Amino acid sequence: MEYKTTESQRLRAKEYAQTHKEQVLAYRKWYNKEYAEKRAAYQRSYYANNKTRLHEARRVYGHEWRRKRLLELRAIVFAHYGNKCACPKCPETNHDFFTIDHITKKARDRDKGKRGISLYTQLIRLGFPDDVRLQCINCNWGREKRGKDGICPHML
Ligand SMILES: [Zn+2]
Ligand SMILES: [Zn+2]
């Protein structure tokens, strides 16, 4: 036999809901509780069956999040330090070539062991101290190679 919800059935259901508000509410409560338990049980078994995959997803997501955060903070810090290599003769503006150069020993000691997110966070927290500057890795390397005088080979 074919079963159809007729218009009159619908109206009756509506009327019932209106005149039995408490019963309907109680039913909903019961249903939600039942449903919540079933859902939790399902999630538990899903987690158990997909542990490795879920851990991997979380790891990748965490990695992406950190990378995004790093680029955001980096952009803030680099913009403050001029978005350009501090060497007067260097035209470098590409963020991927930049490094934070510590001018004084005090600055070096203060930021010791900090890099990436922790370094950028520190510089922002300190209000962008002027004892560090932006330098491209080329000029940084060149100056280091020259030892004590610290002059960029560009400037010779
Ligand atoms: Zn440079
Ligand atoms: Zn240079």
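Starting from 1, residues in each chain are numbered consecutively following that chain's sequence as written. Lettering for chains starts from A, numbering for ligands starts from 1, and both go in the order in which the items are written. pLDDT decides what is reported in this predicted model: residues at 70 or higher carry local features, side-chain atom pairs at 80 or more are listed and counted, and totals for whole chains, interfaces and linings draw on all residues regardless.

Caption draft 1: A look at the overall build of the chain. Helix numbers and strand numbers start at the N terminus; a helix is a DSSP run of H or I with at least 4 residues, a strand a run of E with at least 2. For the chain, the count of helices and strands is six helices and two strands. Walking the chain from its N terminus toward its C terminus, one meets helices and strands in the order α-α-α-β-α-α-β-α. Here the chain has a C-alpha radius of gyration of 31 Å; the compact-globule value for 156 residues is 15 Å, and the former is much larger. Expressed along its principal axes, the backbone C-alpha trace of the chain runs to roughly 95 × 35 × 35 Å. A total of 156 residues make up the chain; the buried ones form 10% of that total. We call two residues in contact when the distance between their C-beta atoms, placed using the backbone, is within 7 Å. Expressed as a percentage of contacts within the chain between residues at least 6 apart in sequence, the contacts between residues at least 24 apart total 70%. Here the globule rule is a power law, 2.2 Å times the number of residues to the power 0.38, and the radius of gyration is based on C-alpha atoms. Here exposure depends only on C-beta density: within 10 Å of a residue's C-beta, 20 or more other C-beta atoms make it buried, 12 or fewer make it exposed, and intermediate numbers make it partly exposed, the C-beta atoms being placed from the backbone.

Caption draft 2: Region of the structure containing the nonpolar core. In terms of nonpolar packing, the biggest core is built from 12 residues, these being Val77, Cys85, Cys87, Phe98, Ile100, Tyr120, Leu123, Val132, Leu134, Cys136, Cys139 and Cys152. Sorting the residues of this core by element identifies strand S1 (98–102), helix H5 (117–125) and strand S2 (132–136) as the ones contributing at least two each. Residue contributions to this core peak at three residues, all from S2. The term nonpolar core refers to a set of buried Ala, Val, Leu, Ile, Met, Phe, Trp, Tyr and Cys residues connected through C-beta atoms within 7 Å.

Caption draft 3: Expanded view of unusual backbone geometry. The phi torsion at Asn83 lies on the positive side, around 55°, for a residue other than glycine. Secondary-structure assignment places Asn83 in the loop between helix H3 (51–80) and S1. Asn83 gets classed as partly exposed once you count the C-beta atoms within 10 Å, which come to 13. Located in the positive-phi region is Phe128, a residue other than glycine, with phi close to 55°. The class for Phe128 is partly exposed, based on 13 C-beta atoms found within 10 Å.

Caption draft 4: Quick look at the domain arrangement of the chain. When cut into domains, the chain gives domain 1 (7–49) and domain 2 (52–155). By convention here, the domain bounds are inherited from an automatic or database domain assignment. One C-alpha centre belongs to domain 1, the other to domain 2; they are set 56 Å apart.

Caption draft 5: Fine view of helix H2 (residues 21–49). By this rule the span expected of a helix is its residue count minus one, scaled by 1.5 Å. In this model H2 runs 41 Å from its N-terminal to its C-terminal C-alpha over 29 residues, within 8% of the 42 Å that 1.5 Å per residue would give. Judged by how many residues are buried, H2 sits mostly at the surface: zero of 29 residues are covered.

Caption draft 6: Molecular detail of the pairing of S2. Summarising burial for S2: four of the five residues are buried, a large majority. Strand pairing is defined by DSSP finding a minimum of two bridges between the two strands. Across five bridges, S1 lies against S2 in antiparallel orientation. Bridged to Thr99 within S2 is Gln135.

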